[in-house]
Amino acid sequence: MKAEAKLEIQTSTAPKTGADLLIDLLIKEGVDTLFGYPGGAVLPIYDAIYRAQKSIKHVLFRHEQGMIHAAEGYARITGKPGVVIATSGPGATNLVTGITDAMMDSLPLVIFTGQVARTVIGTDAFQEADVMAITTPITKHNYQVQSVADLPRIVKEAFHIASTGRPGPVLVDVPKDISSEILTAYPGEAAMDLPGYQPTIKPNPLQIRKLAEALPKAKKPVILSGAGVLHAKASAELTAFAENHKIPVVTTLLGLGTFPADSPLSLGMGGMHGTYAANMALYECDLLINFGARFDDRLTGNLKHFAPFAKVAHIDIDPAEIGKNVPTQIPIVADAKAALTQLIEEAADSPSHEDWLETLNQNKKDFPLWYKHDPNGMSPQWLIEAVHKVTNGEAIVATDVGQHQMWAAQFYNFNHPHRWITSGGLGTMGFGFPAAIGAQMAEPDSTVVAIVGDAGFQMTLQELSVIYERNLPVKIIIVNNGALGMVRQWQELQYDNRISESLLHTQPDFVKLAESYGIRGAKIDNQEDLVASLPELMAYDGPVLIDARVLQKEKVFPMVAPGKGLHEMIGVKPE
């Protein structure tokens, strides 16, 4: 348990304000980094940040979307809430994509938005937006501060809600007259008042026993491991449980790294672009044990064909997810770590399933991930493998959404948790690069690689200023195929090759762009040059941008087409 910090205003001769109180409360919560952008409604807060600059670090981003994605990357790696500050009106509305992204991927954020003074709320004042109405559907909870005296309670509750149960974003809207109010007395400690918020952490022992009793009866068991295992910091327990009972493991896109990819029991990623072995295991299993995955459509494919022969056990800290998409016979509402700890103690008997393991291993051998080598160009899959080799598979990898995201998920094998950052539920272009910045700030000594598309990178490239300014050694690899690659792939496969507005005929010179920001850049368009230069570029002590020109018409395979079941994959073998 962390030691209680003392609530003290920073030494200054200036009168103390509501903003000073807010910053002191953040320091008390253990916040060391603020991701922010100033504006009129938050000027009192930034004045307080100036006074507290020896106690808390602020990072100025160049756009609110960039800074909230950076906060997401920071939260993904540390497990601590990323803290964001933006001004009212457009500052707040520019955060909407990032808030939604964090909500869908269960990332803890605490967002402070400025607001016009209480006396003019509702009058369409300059830079006024109803951020409470806008963010109610996309936050775990939101507040608008009505009294300085409420700040200690609200801040404490915001951090508690964001980081407990199923993590998520919490927004606190701070009117300017609240933050600028001169304090005549400093509020003391505040107790939380959340009688309706009591997340279930410990599992029901009877449900754990049901699952333990189902285990030895299964002939074809499989584990599905999702991001809930990461949030619970339960990878070690998951691995121990799987290895104790020799149960094969499928990971979701967001669950990559929860189970070692090089384990003989690992079947790889399941879903639309998952491995044949993983998807057939999900289709044929008779006991499916889901730890912390929400059975989203990109994982399940056509629900009519998902795990049709299986008894389903679903362990999730959010009861709303259990039974929402897939009928569940053994529901367990609990933290994944707590459930696994009890399950390891309870489940003494293992299933007898040697034939099942043999079948799955044969599927892995007969239907591995594949791609064709082209002597005249650089395949994107080979590029990912080369990055994996140079980084020894130990880098933190952040991506946008699209083809490059799937290739990274398929070919950069993760053996450790908290090394993979991607936008899963919302599928946000522009996410990967700023998320990598947040990850680098969280772990300054780690190798952080942003693997991004040439289209998505251009949505948040202005944050190159941040990595230059702070000499953050993020390595940016642009998988450049001159297209909105996944859009083009779907147009080719689903729309009879009608290529509509998915080709990027005009591109900047990415190397000159990087150099204009003071960052080292390199353009590479063949395998030989990449092999020769990549080790030195990755070892460079500073930020680097690599414009990797890959084969333009390469597709992501295998693939489960829309409306199809996991057993109806296409592209399982080379054409």
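Residues numbered from 1 in each chain as written. Predicted model: local features only at pLDDT ≥ 70, side-chain atom pairs only at ≥ 80, totals over all residues. Heavy atoms only, no water.

Caption draft 1: Molecular detail of the overall build of the chain. Looking only at helices and strands, the chain has 22 helices and 18 strands in total. In terms of overall dimensions, the chain has C-alpha extents of about 75 × 60 × 40 Å along its principal axes. Per-residue burial over the chain gives 58% buried out of 575 residues. Here the chain displays about 23,000 Å² of accessible surface, and carbon together with sulfur accounts for 52% of that area. When the 47 positive and 63 negative side-chain charges of the chain are each reduced to one mean point, those points stand 2 Å apart. (Helix = DSSP H or I, 4+ residues; strand = E, 2+ residues; numbered from the N terminus. Buried < 20%, exposed > 50% of the residue type's maximum accessible area, 1.4 Å probe, protein only. Areas by Shrake-Rupley, 256 points an atom, 1.4 Å probe, with all protein chains shown as cover. Lys, Arg positive; Asp, Glu negative; His and termini not counted. Charge placed at Lys NZ, Arg CZ, Asp CG, Glu CD.)

Caption draft 2: Fine view of the pairing of strand 16 (residues 475-480). Burial analysis of strand 16 places six of its six residues in the buried class, which makes it a mostly covered element. What you see with strand 16 is no split at all: Lys475, Ile477 and Val479 on one side and Ile476, Ile478 and Asn480 on the other are buried throughout. With five bridges joining them, strand 15 (residues 448-453) and strand 16 adopt parallel strand pairing. Within strand 16, the residue paired with Ala450 across the bridge is Ile476. Handedness of the crossover joining strand 15 and strand 16 through helix 19 (residues 464-469): right-handed. Where strand 16 and strand 18 (residues 544-549) come together, six bridges link them in parallel fashion. Bridging across to strand 18, Ile476 finds its partner in Leu545. (Pairing = 2+ DSSP bridges. Right-handed = clockwise from strand over helix to strand, strands pointing away.)

Caption draft 3: Quick look at the packing of helix 16 (residues 380-390) against helix 17 (residues 403-411). Closest axis-to-axis distance for the helix 16/helix 17 pair is 9 Å, and the angle between their directions is 50°. Taken together, the axis directions place helix 16 and helix 17 in an arrangement best described as oblique. The two elements helix 16 and helix 17 cross, and the hand of that crossing is right-handed. Residue-level contacts link Pro380, Gln381, Ile384, Glu385 and His388 of helix 16 to Trp407, Ala408 and Phe411 of helix 17. (Axes fitted to C-alpha atoms, helices over the stretch in contact; angles between N-to-C directions. Parallel < 35°, antiparallel > 145°, perpendicular 65-115°, else oblique. Left-handed = near helix turned anticlockwise from the far one by under 90°. Contact = heavy atoms within 4.5 Å.)

Caption draft 4: Molecular detail of the nonpolar core. The biggest cluster of nonpolar side chains holds 49 residues, and the ones touching the most others in it are Phe35, Phe457, Ile467 and Ile476. Among the elements that line this core, the one with the most residues is helix 3 (residues 64-78), at seven residues. Not counting residues within four places of it along the chain, the set of residues in contact with Phe35 comprises Val59, Phe61, Met67, Ala70, Ala71, Tyr74, Val83, Val84, Ile85, Gly438 and Met441. (Core = buried A, V, L, I, M, F, W, Y, C linked by side-chain atoms within 4.5 Å.)

Caption draft 5: Structural context of the sheet that holds strand 6 (residues 169-175). Read across the open sheet, the six strands follow the order 2-1-3-4-6-5; overall the sheet is parallel. Single-partner strands in this sheet number two, and they are strand 2 (57-60) and strand 5 (141-144). The average angle at which neighbouring strand axes cross in this sheet is 20°, direction not considered.

Caption draft 6: Seen up close, unusual backbone geometry. Between Phe557 and Pro558 the backbone carries a cis peptide bond, its omega angle lying at -5°. Despite not being glycine, Gln127 has its phi angle at roughly 55°, a positive value. In this model, Asp496 sits at a positive phi of 50°, which is unusual for a non-glycine residue. As for its position among the elements, Asp496 is in the loop between helix 20 (485-494) and helix 21 (510-516). On the accessibility criterion, Asp496 (62% relative accessible area) is exposed.

Caption draft 7: Representation of the packing of aromatic side chains in the model. Inspection of the entire model under this criterion finds 12 aromatic pairs. A centroid spacing of 5.6 Å and a plane angle of 75° characterise the contact between Tyr283 and Phe309, whose relative ring orientation is edge-to-face. Residue Tyr283 is located in helix 12 (residues 276-284), and its partner Phe309 is located in the loop between helix 13 (297-300) and strand 11 (311-316); the two are separated by 26 residues in the primary sequence. Measuring from ring centre to ring centre gives 5.2 Å for Phe414 and Trp420, while their planes differ by 55°; the resulting arrangement is tilted. We classify Phe414 as buried; its relative accessible area is 4%. For Trp420, a relative accessible area of 3% gives the class buried. By the ring-pair criterion, three or more aromatic residues cluster together here, those being Phe35, Phe61 and Tyr74. Above the plane of the ring of Tyr540 lies Arg520, whose end atom (NZ or CZ) is 5.0 Å from the centre. (Phe/Tyr/Trp six-rings, centres within 6.5 Å; stacked < 30°, edge-to-face > 60°. Lys NZ or Arg CZ within 6 Å of the ring centre and 35° of its normal.)

Caption draft 8: The arrangement of the confidence of the model for the chain in detail. Of the residues in the chain, 98% have a pLDDT of 70 or more, and the chain-wide mean is 96. Scored below 50 in pLDDT, residues 1-11 shows 22 contacts in the model against residues more than four places distant or in partner chains. (pLDDT = per-residue confidence, 0-100.)

Caption draft 9: Broad picture of the pattern of salt bridges. All chains considered together, the criterion is met by 18 salt bridges. Linking Asp496 and Arg498 is a salt bridge whose minimum nitrogen-to-oxygen distance equals 3.5 Å. Note on accessibility: Asp496 and Arg498 belong to one class, exposed. (Salt bridge = Lys/Arg side-chain N within 4 Å of Asp/Glu carboxyl O.)

Caption draft 10: Here's a closer look at the pairing of strand 5. Taken together, the four bridges between strand 5 and strand 6 define a ladder with parallel strand orientation. Bridging across to strand 6, Gln144 finds its partner in Asp173. Once the chain exits strand 5 it traverses helix 7 (residues 151-163) before rejoining the sheet at strand 6, and the crossover so formed is right-handed.

Caption draft 11: Representation of helix 20 within the structure. For helix 20, the complete set of buried residues consists of Gly485, Met486, Arg488, Gln489, Gln491 and Glu492. Where the residues of helix 20 are buried, they touch helix 17. Positive phi appears at Asp496, one or two residues downstream of helix 20, with a value of about 50°.

Caption draft 12: Representation of the packing of helix 16 against helix 22 (residues 527-539) within the structure. Where helix 16 meets helix 22, the axes come as close as 10 Å, and the angle between the chain directions of the two elements is 35°. Crossing hand, helix 16 versus helix 22: right-handed. Contact residues: helix 16 offers Trp382, Leu383, Ala386, Val387 and Val390, while helix 22 offers Gln527, Leu530, Val531, Leu534, Pro535 and Met538. For the contact of helix 16 with helix 22, the per-class residue count stands at 10 nonpolar, one polar and no charged. (Nonpolar A, V, L, I, M, F, W, Y, C, P; charged D, E, K, R; others polar.)

Caption draft 13: Representation of the sheet that holds strand 15 in the model. The strand order 14-13-15-16-18-17 describes an open sheet built from six strands, whose pairing is parallel. The sheet terminates laterally at strand 14 (420-421) and strand 17 (520-524), the two strands that pair on one side only. Sitting on the sheet, helix 22 touches strand 15, strand 16, strand 17 and strand 18, and the angle it makes with strand 17 is about 165°.

Caption draft 14: Spotlight on the environment of Leu493. Structurally, Leu493 can be placed in helix 20. Residue classification places Leu493 among the partly exposed positions, given a relative accessible area of 35%. In the structure, Leu493 is positioned 210 residues away from Tyr283 in sequence and 24 Å away in space, judged by C-alpha atoms. In this structure Leu493 touches Lys555, Phe557 and Met559, once residues within four positions along its chain are discounted.

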